[in-house]
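Residue-level listing of the chains:
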Amino acid sequence: VDEVGDATHNTFFEMLGNWSLGDYFKKEAINWSFEFLTDKKWLGLNPEKIYISVFEGDTEMGVDLDRESTVIWQEVFKKAGIKAEVGERIFVYSKDKNWWGPAGQTGPCGPDTEMFYDTGKAHNIRFGKKCHPNCECGKFVEIWNDVFMQFNKTADGKFIPLPQQNVDTGLGLERELMILQGKESVYDTDLFQNIISKIEEISGKYHTQSQYQRAIRIIADHLRSAVFMIADGVYPSNKEQGSILRRL
């Protein structure tokens, strides 16, 4: 909630994706993700603008670097005529960034691989000397995540390979529209413009005025979130979903 109002965060966002329950795994998911993002018959994004993250491994967990995903991505980029070196096109990150699983709980979990889009914005050195996909400067925007539920975490903290390995993917609609429509933020897309125009009309303040921009974005986001929650049957209260709606 506290990040809402910047270029890419919402309290409510629409997630596009697909599941595999043992039918296919990393090779298929990665190839189809890249195809949907870059093929002219689908979204048609420039493959040169796509950057990738993978799980670096963790000795305490007893799980190695996700070499399989790394190699598959290198093969995919090679077909597009792009050399995908680790540290240049593919970046490795710790479990804080590239591992999916309920914190401190048991059950299915595993590494994920994220897709980022280079917006072309200049790097802000306030966020570090060198930019990379997980840099907070805004140059890179995460647009898709392929989660590979490869392990079962046991009660004693061991990660045992699952006999049936599943895939869960998620692509953010608002961020994808921002890129496809050539906008600077998700709030500049047609998903938000009617709401923002009405806020400007009522308030006499304008999104183009920097001193009001974040406030107007927050109001637009919270209105949109509240409408969808109420449409799903949630009402303001002091517990569970109702408390979130009341906060908004």
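From a predicted model like this one, the values you see are computed outputs, not experimental measurements.

Draft legend 1. Highlighting the pattern of salt bridges. Applying the stated criterion across every chain, the model contains 11 salt bridges. Taking the shortest distance from any N to any O, the salt bridge between Arg89 and Glu48 comes out at 3.2 Å. Of this pair, Arg89 sits in the loop between α2 (67-79) and β4 (90-93) while Glu48 sits in the loop between α1 (26-38) and β3 (50-55), and the two are 41 residues apart along the sequence.

Draft legend 2. Region of interest: the packing of aromatic side chains. Enumeration over the complete set of coordinates arrives at 13 aromatic pairs. Pairing Tyr24 with Trp32 gives two aromatic rings, centres 4.8 Å apart and planes at 70°, and the pair type is edge-to-face. A relative accessible area of 15% places Tyr24 in the buried class. Here Tyr187 and Phe192 contribute two aromatic rings whose centre-to-centre distance is 4.8 Å and whose plane-to-plane angle is 55°, an arrangement assigned as tilted. For the residue pair Tyr187 and Phe192, the accessibility class agrees, reading buried in each case.

Draft legend 3. Region of the structure containing unusual backbone geometry. With phi around 50°, Glu240 is a residue other than glycine that occupies positive phi space. Tracing the chain through its elements places Glu240 in helix α7 (residues 240-247).

Parameters at a glance
Residues numbered from 1 in each chain as written. Predicted model: local features only at pLDDT ≥ 70, side-chain atom pairs only at ≥ 80, totals over all residues. Heavy atoms only, no water. Salt bridge = Lys/Arg side-chain N within 4 Å of Asp/Glu carboxyl O. Helix = DSSP H or I, 4+ residues; strand = E, 2+ residues; numbered from the N terminus. Phe/Tyr/Trp six-rings, centres within 6.5 Å; stacked < 30°, edge-to-face > 60°. Buried < 20%, exposed > 50% of the residue type's maximum accessible area, 1.4 Å probe, protein only.

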